[in-house]
Amino acid sequence: MTALPINRATTLKAAYQVCNPLESLGGADIDRYYVDLSDVRKTEAIAGVSNILDCQEPEQFTTILFTGHRGCGKSTELKRIQKEWEKDYRVIYLEVNKETDISDVGYTDFYLITIKQVEFEMRRLGLKLDSRLMDNFEAWFKDVTEETERTVESSISIEGEATLGPEAPFLAKLLVKLLAQIKGSDRQKKTIRQILEKDISRLKADINLLLNDAVKKLRKKFPNYKGFLIIFDNLDRVPPGVANHLFFDYAAQLQELNCTMIYTVPLGALYSSQNAVKNFDCPHIVPMVNIYEFNRDSCDLNYNEASLNAMASLIERRVEVDTIFESREQLLELAKASGGHVRQLIQLMRTSSITARGRGHAKIMAEDVTYAIKQEQFNFERFIPQSHYPVLAQVCLTKNVNKDEISELMLFNLSVLEYNGKNRWNYPNPVVKQNEEFKKALRDARESNVNPE
């Protein structure tokens, strides 16, 4: 049994602070708070990625898709993969939303981000890319973008200069400028992409020459490295239409750079009728923690005690439960309301803590838990269209979603969750099941005798 951290939260204020749903675990917090949920997730996603990285020979390249619901714990698992493989790869972990416009990302963005990051990493290691290749690439880039030293220098912000460092070559500055323009302006984004796509073969060829040069110099100085590994996190936040366009129309282009990549993908893309990820190897899925006893013929499922306790352990590693909760029963109620979704549990815990503190309670009481669950329910009620409730009722009855746009959207907005393991099945988010509109739709579905129970 793993020892619990000695400095867990003992006040409601501290519990609120250590349960931040917007921050994934990283650095020392992974050792401090990480809970291995692989047994109750029933998944081999992380082991599968590690096996691929282990089997790969030096200077070989591959593309890996990593998926699961937003907030299910993918970022934490990716940071564990980063930590585990830092001895064998020069790992670059990126949150894509900080690099480009996540609501309208294009495949050429990844080309620019990749070479920008690798060039920066080489300088950080005291290595230099081949000057002849750099000169050729810069000359072509200047020509197609009609940029000069003066236009680039004048547009780089003070923050950008600080990030680039004093020894940054023109190419690095140009890439920073172009990515800032792509992120900041729809018109400039369209223009830049059109320019690059006109001669995409040249762009790809020059980048690959530089990547090959980078890997050889990396391995010469650090023979233990197989090459670069770039992790593109937060791509699961792209809207369904953008995801389908990216992973269906440009699947080949995403795999053409000479670098090992891990792309996160929205789970809904696997449900697209276009089979958006068919041109990749099998995606690695981090599913929900299955807190239920699966029974396809029953709408109201019983809970799996071991899985509920595993979810509760996520909170137990962060707070002194006996000090923070009136009883452990309230913690288990939060686990039930989470549906096995890690971020939802952390959010419910945070709301319970701040609610109890605001009410002057010494501990989290049952009424604080009820309030937190209600608030989460209301959040879903605000964005779920009326037309989705009959579909949600059918998901409850059949444990499946259709292969259509509504289902993709329901998976994207987390009103429906996917569970995996021996069976793959779907179920409405438990806070959605408490909604009166959902209950009415479920009664109507049963009365229609389409799916009698």
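Just above, that's the structure.
What counts and what doesn't
- Residues numbered from 1 in each chain as written.
- Predicted model: local features only at pLDDT ≥ 70, side-chain atom pairs only at ≥ 80, totals over all residues.
- Heavy atoms only, no water.
- Salt bridge = Lys/Arg side-chain N within 4 Å of Asp/Glu carboxyl O.
- Buried < 20%, exposed > 50% of the residue type's maximum accessible area, 1.4 Å probe, protein only.
- Helix = DSSP H or I, 4+ residues; strand = E, 2+ residues; numbered from the N terminus.
- Axes fitted to C-alpha atoms, helices over the stretch in contact; angles between N-to-C directions.
- Parallel < 35°, antiparallel > 145°, perpendicular 65-115°, else oblique.
- Left-handed = near helix turned anticlockwise from the far one by under 90°.
- Contact = heavy atoms within 4.5 Å.
- Phe/Tyr/Trp six-rings, centres within 6.5 Å; stacked < 30°, edge-to-face > 60°.
- Lys NZ or Arg CZ within 6 Å of the ring centre and 35° of its normal.
- Disulfide = S-S within 2.5 Å.
- Core = buried A, V, L, I, M, F, W, Y, C linked by side-chain atoms within 4.5 Å.
- Pairing = 2+ DSSP bridges.

Q: What is the right way to read the pattern of salt bridges from this model?
A: Side chains bearing opposite charge may pair, as long as their charged atoms lie close to each other. Under the counting rule described, the total for this entry stands at 25 salt bridges. For E95, the salt bridge is made with K98, and the minimal N-O distance between the two is 2.7 Å. K98 sits in the exposed class, given a relative accessible area of 57%. Measuring nitrogen to oxygen at the nearest pair gives 2.8 Å for the salt bridge that ties R328 to E316. You can see R328 sitting in helix α17 (residues 328–338) and its partner E316 sitting in helix α15 (residues 305–316), a full 12 residues away along the chain. Residue R328 is classed as partly exposed on the basis of its relative accessible area of 32%. For E316, a relative accessible area of 18% puts it in the buried group. Salt bridges here are not isolated pairs; linked through shared partners, they connect D101, D104, D109, K189 and R193.

Q: Could you clarify how one ought to interpret the packing of α17 against helix α19 (residues 366–383) in this entry?
A: Helix-helix packing is described using two parameters, namely the angle between the two axes and the distance between the axes. Where α17 contacts α19, the two axes come as close as 10 Å, and the packing angle between them is 10°. When the axis of α17 is compared with that of α19, the two are roughly parallel. For the element pair α17 and α19, the recorded crossing hand is right-handed. Touching Q330, E333, L334 and A337 of α17 are A366, V369 and I373, all from α19.

Q: Whenever I open this one, the packing of aromatic side chains confuses me. Can you help?
A: Each pair of aromatic rings is reported with the distance of its centres and the angle of its planes. Following the criterion strictly, the structure yields 20 aromatic pairs and no others. Ring centres 5.6 Å apart and planes at 85° place the aromatic pair Y107 and Y111 in the edge-to-face group. Here Y111 and Y107 lie together in helix α6 (residues 107–124), a separation of four residues that amounts to about one turn. With 6.4 Å between their ring centres and 80° between their planes, F247 and Y263 make a pair best called edge-to-face. Separated by 16 residues along the polypeptide, F247 in helix α13 (residues 240–249) and Y263 in strand β4 (residues 260–266) bring together distant segments of the chain. Comparing F247 with Y263 shows no difference in burial state: the two are buried. Here the aromatic cluster, defined as three or more aromatic residues joined through ring pairs, consists of Y292, F294, Y303, Y419, W425 and Y427. Directly above the aromatic system of F170 lies the positively charged group of K142, at a separation of 4.7 Å from the ring centroid. The ring of Y33 has R318 sitting right over it, with the charged end atom 5.4 Å from the ring centre.

Q: Just to check I follow, could you spell out the state of the cysteines for this structure?
A: One pass over the structure, following the stated rule, counts one disulfide. Bridging C299 to C396, the disulfide has an S-S length of 2.3 Å. Residues C299 and C396 are joined by a disulfide whose S-S torsion is about 105°; by sign, that bridge is right-handed. Of the two residues, C299 sits in the loop between β5 (284–285) and α15 while C396 sits in helix α20 (residues 388–398), which places them 97 residues apart along the sequence.

Q: I would appreciate a short explanation of the nonpolar core in the present structure.
A: The nonpolar side chains of soluble globular proteins are, as a tendency, buried together. In this structure, F66, I81, I262, I315, V319, F325 and M349 are the most contacted members of the largest nonpolar core, which totals 81 residues. Once residues within four sequence positions are removed from consideration, F325 is found in contact with I315, V319, Q330, L331, L334, M349, K363 and I364. L94, V105, F141 and V215 belong to the second largest nonpolar core, which has 59 residues in total.

Q: Is there a simple way to explain the sheet that holds β4 in this structure?
A: By way of backbone hydrogen bonds, the strands of a sheet pair with one another, either parallel or antiparallel. In spatial order, the strands read β2-β3-β4-β1-β5; together these five strands make up an open sheet with parallel pairing. This sheet does not close on itself; its edge strands, each paired only once, are β2 (89–95) and β5. Judged from the two bridges that link them, strand β1 (residues 63–68) and β5 form a sheet pairing that is parallel. Opposite T67, over in β5, you have I285 as the bridge partner. With respect to the sheet, helix α5 (residues 74–85) is in contact with β1, β2, β3 (227–233) and β4, its orientation differing from that of β2 by roughly 160°. Set on the sheet, helix α12 (residues 200–221) makes contact with β2 and β3; between it and β3 the angle comes to about 120°.

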